[in-house]
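Understanding the architecture of this molecule
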Amino acid sequence: MDPARDPIRLFAPETREVLAVRKETADTATVTLAGGGRGFVPGQFAMVYAFGVGESAISFSGDPYRADIVEHTVRRVGAVTGAIGALRPGDHIGWRGPFGTGWPLQRARGGDLVIVGGGIGLAPLRPAILAVMADRGAYRRVAILVGARRPGELLYQEQLAEWRARFDLDVEVTVDAAANNWRGSVGVVTRLIPHLDVEPTRTTAMVCGPEVMMRFSAMELQRLGVPSRNLFVSVERNMKCAIALCGHCQLGSLFACHEGAVVPYDRVAGLMEVREA
Amino acid sequence: MSENKLRNHRCARDLDSSSLTIMESCSLGEVSWKKGDWILTTDDLATRCYLLTSGDVQIETTPPGRKETLLQTIHGGDVLGWSWLIPPYRWAFDARAASDVTAVALDAAKLREAADADPRFGYALTKKMFFLVADRLQATRLQLMDLYGPRA
Amino acid sequence: MDRRLLTPEGVRSLLAMLREDGFRIVAPSLVGGTVSLAEISDLDELAVGLALEVAPGRTRVVPSPAMFGSIGGPESLKRWQHPSQRVIWHGERGKNGFTGSAVVEESAGPVAFFGLRACDLAGARVLAKAIRRPLGEQDLVISVRCTSSAPTCFCTTMGTGPDVPEAAADLILTEVLEPKPRFVATAASERGAALLGRAASKPASAADAAAADALVAKVAADMPVAFAPEAARAALGTPSGIGWEDIGARCMACGNCTAVCPTCFCTTVVDRTDPAATVADRIMRWDSCYTPWFSEMHGGSVRSSISARYRQWVSHKMSWWWEQFGTAGCVGCGRCIVWCPVGIDIRKEVEAAIERSTAHV
């Protein structure tokens, strides 16, 4: 074997200091790490390594224009994300990235833009929203639809409130269930789609959330008249190496870590609906 | 004015002209509610069908001994109420204006009569209501799936 | 190319020369109760005169009149191309977090692979693309063309054998037993020619060459074609979730097929630490898409049933691999059939999938 051509070097993480940990919900936190995102584009992810525990693929969730820090929003669901969620400022963490594809912001310019985020799926969309707001004039109407399980499980609540107050963004928030003190909408996020005030044929849509939610969002968007080629989703699979080498994240012929995570909906539509249980 | 609102409503947009004319003949004109007003309440006779033109409406219920439960929010462009089509024509839930709301009200009895008299209109109307129910059912199923919850 | 005739002793002398030249030798050997490719330290470890009698889920070592009679042993070149376990990173916790660095493999010296079949070489080519690591340039390949086949073989279906393309090897041998054992040798590279030139050989007559070619041609002619690869590609490209219940009931998801498959490349990385977690080694090791954790995401496996995992494996081999790497992911070696503890035959499963897909049209 030829050691010089060994892709193993690509697995080595750099060490980064944790600057801040902000609690988003009961099980989700946003971690700020020192050092920039190495020019990441919104939609990409990094491999975050908890020493001695393991690695997890985590989307960038912060401002793509910040060169001094990166942010990752992590939901505690396993050993690695649990260890990341338990970090305190001053701790260190392993990091390598950026990996994968980004949202088609360039392609969306000059048209209407619809962003649909469900649950933790809002995290990979946040850098796209921040990029759009930094260059708001490049887009026509911009609508952001946010769904969550309950009001307390909404991410970035302060920022959501700021976005909702703006006159150049249509921001709608809905939850699946709420107590009577909730003043927003109740219902699934897909039901907000028929009410969008956009020109469908000139609309690009970026959708991220659970697969079922993405599938129904795509259906509603197409029913509204948005061409399927203008629909983009972020597919989540078990990304372990991030360089299309380990095989874990395959979805049909697609290596989700490499050809995704952001893919045209047409690329995965047939694969997302296969019974796997 | 209300005729235009009816014609432009999502629900009426692709109706043929004779069906549209019949629907207009069932119109009771524009109605509006202030935020917080009750629009309809459980078990009352369902005498009207509302084509919401603006604002948000909260569909909710308050089971005995429990706090009110928010079920679903519907918006301008949606249709409020289908109990008027199904005997015994009584509302199954409560609806309250979650913001200032405007709507075109249709006379339910007239709609039913017209549908019986003209099956062509009846089919068009039933299809509209079927889409509406299917849409709500699908949304309810997605809600039931607890998509964002921890995986079982 | 010029063809030479070697005696069995002449073939042994090739190996001795390679040893002297500093090559590690990988050749068929009797290990673990079976005949398999293995690194041998002594020429006596070469499995001479032994063959494997194989069937779905069964192998037995039997005597063979041929020097290289065995087909279907568990190891392929994968063992050397793609180590089953290796430390890729070592880290130590310090005052300010931790430091670490990649552990890049040192070459243990060039390898001479001896006795490789056409399917072995095809497997190595297919695997090299997936892991983005070709065989080392210093490595040497001496191939033996098949003059017999096993009932589990289907290289002709996958278009990988039994003949060996010259570009795939340095030296290609064909064993002819009648009237007396001898080898027809073809040098397929300069290094192969140089090696052959150092051994005692004589020119092969036209009759010798024709006899050798006829043996290989007969193997090809006698091997049944199991299915049409294009039909398999189409049938498994858009996978239906229906129809896999039966295989799900038979398959035990043990992962033997992925372990013996020369092209299955999937790996995982696990951490190994001391109790105080002051040091950590990150270890890359083979993984299998049959394990329940393979597709795990936040607490649940994407493919929770064994049926879904079998479908994933066979669809990847026969269909999606084409889009990813430009070839099928199966080379028809039959190892997965031989080493499956319940004798699941991929040929039959593919055939059934093709049938289902056409039945639904």
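The numbers attached to residues start from 1 for each chain and follow its sequence in the written order. By the order in which they are written, chains take letters starting at A while ligands take numbers starting at 1. It should be noted that, the model being predicted, local features are given only for residues of pLDDT at least 70 and side-chain atom pairs only at 80 or more, the latter also being counted only at that level, while totals for whole chains, interfaces and linings use all residues. Neither water nor hydrogens contribute to the side-chain values; these are computed over all heavy atoms in the structure.

Quick word on the overall build of chain C
- Secondary structure follows DSSP: runs of H or I at least 4 residues long count as helices, runs of E at least 2 residues long count as strands, and numbering of each begins at the N terminus. Helices and strands together make up the secondary structure of chain C, namely twelve helices and 16 strands.
- Computation of the radius of gyration draws on C-alpha atoms alone. For the globule rule, the value is 2.2 Å times the number of residues to the power 0.38. Relative to a compact globule of 361 residues, whose C-alpha radius of gyration would be 21 Å, chain C shows 22 Å and is just as compact.
- In chain C, which comprises 361 residues, the share counted as buried stands at 57%.
- Working rule for contacts: check all heavy atoms of both residues, and any pair within 4.5 Å makes them a contact. Intrachain contacts of chain C at a sequence separation of at least 6 include 69% that bridge at least 24 residues. Using a 1.4 Å probe on the protein chains alone, a residue whose accessible area is under 20% of its type maximum counts as buried, one over 50% counts as exposed, and one in between counts as partly exposed.

As for the layout of surface pockets
- Put simply, the second largest pocket is a space of about 1000 Å³.
- Lining the second largest pocket are 26 residues, and of these Pro194(A), Arg223(A), Arg10(B), Lys128(B) and Phe131(B) sit closest to its centre.
- Secondary-structure elements contributing two or more residues to the lining of the second largest pocket are α5 (211–224) of chain A together with α4 (119–144) of chain B.
- At ten residues, α4(B) tops the list of elements feeding residues into the lining of the second largest pocket.
- Nonpolar residues are Ala, Val, Leu, Ile, Met, Phe, Trp, Tyr, Cys and Pro. Charged residues are Asp, Glu, Lys and Arg, and all others, Gly as well, are polar. Per-class residue counts for the lining of the second largest pocket are twelve nonpolar, four polar and ten charged. Cavity: a set of points on a 1 Å grid over the protein atoms alone where a 1.4 Å probe fits but cannot get out. Pocket: an open set with protein on both sides within 12 Å along at least five of seven lines, its lining residues, like those of a cavity, having an atom within 4 Å of a point. Grid points are joined across faces, edges and corners, and a volume is the space filled by probe spheres set on the points.

So, the domain arrangement of chain A
Residues and elements named next belong to chain A.
- Residue ranges for the domains originate in an automatic or database domain assignment. Here chain A is partitioned into domain 1 (3–99) and domain 2 (105–272).
- Relative to domain 2, the C-alpha centre of domain 1 lies at a distance of 22 Å.
- At the boundary of domain 1 with domain 2, total buried surface from both sides reaches about 1900 Å², with 68% on carbon and sulfur atoms.
- Salt bridge, as used here, is a side-chain nitrogen of Lys or Arg placed within 4 Å of a carboxyl oxygen of Asp or Glu. At the junction of domain 1 with domain 2, the criterion picks out one salt bridge.
- Between Arg126 and Glu71 there is a salt bridge, with the nearest N and O atoms lying 3.3 Å from each other. A quick way to say it: buried area is the sum, across both parts, of accessible area lost when two parts are put together, with a 1.4 Å probe.

A short note on the interface of chain B and chain A
- On the side of chain A, 28 residues touch chain B, which itself brings 24 residues to the contact.
- Regarding the contact of chain B and chain A, the summed buried area is about 2300 Å², with carbon and sulfur atoms giving 55% of it.
- Looking at the side of chain B facing chain A, the largest losses of area belong to Leu70(B), Leu142(B) and Tyr148(B), adding up to 34% of the total buried there.
- Scanning the region where chain B abuts chain A turns up three salt bridges.
- Of the charged contacts in the structure, one is a salt bridge between Asp146(B) and Arg149(A), with a shortest N-O distance of 2.7 Å.

What about the sheet that holds strand β5 (residues 69–75) of chain B?
Residue and element names in this part refer to chain B.
- Spatially, the four strands line up as an open sheet ordered β2-β7-β4-β5, and their pairing is antiparallel. At either end of the open sheet lies a strand with only one pairing partner, and these are β2 (38–40) and β5. Neighbour to neighbour, the strand axes of the sheet diverge by 30° on average, direction disregarded.
- Those strands touched by α4 are β4 (56–61) and β5, and its axis lies near 135° from that of β5. Here, a strand pair is defined by DSSP locating no fewer than two bridges between the strands. Axis geometry follows a simple rule: fit a line to the C-alpha atoms, using only the stretch in contact for helices, then measure angles between N-to-C directions, giving values from 0 to 180 degrees.

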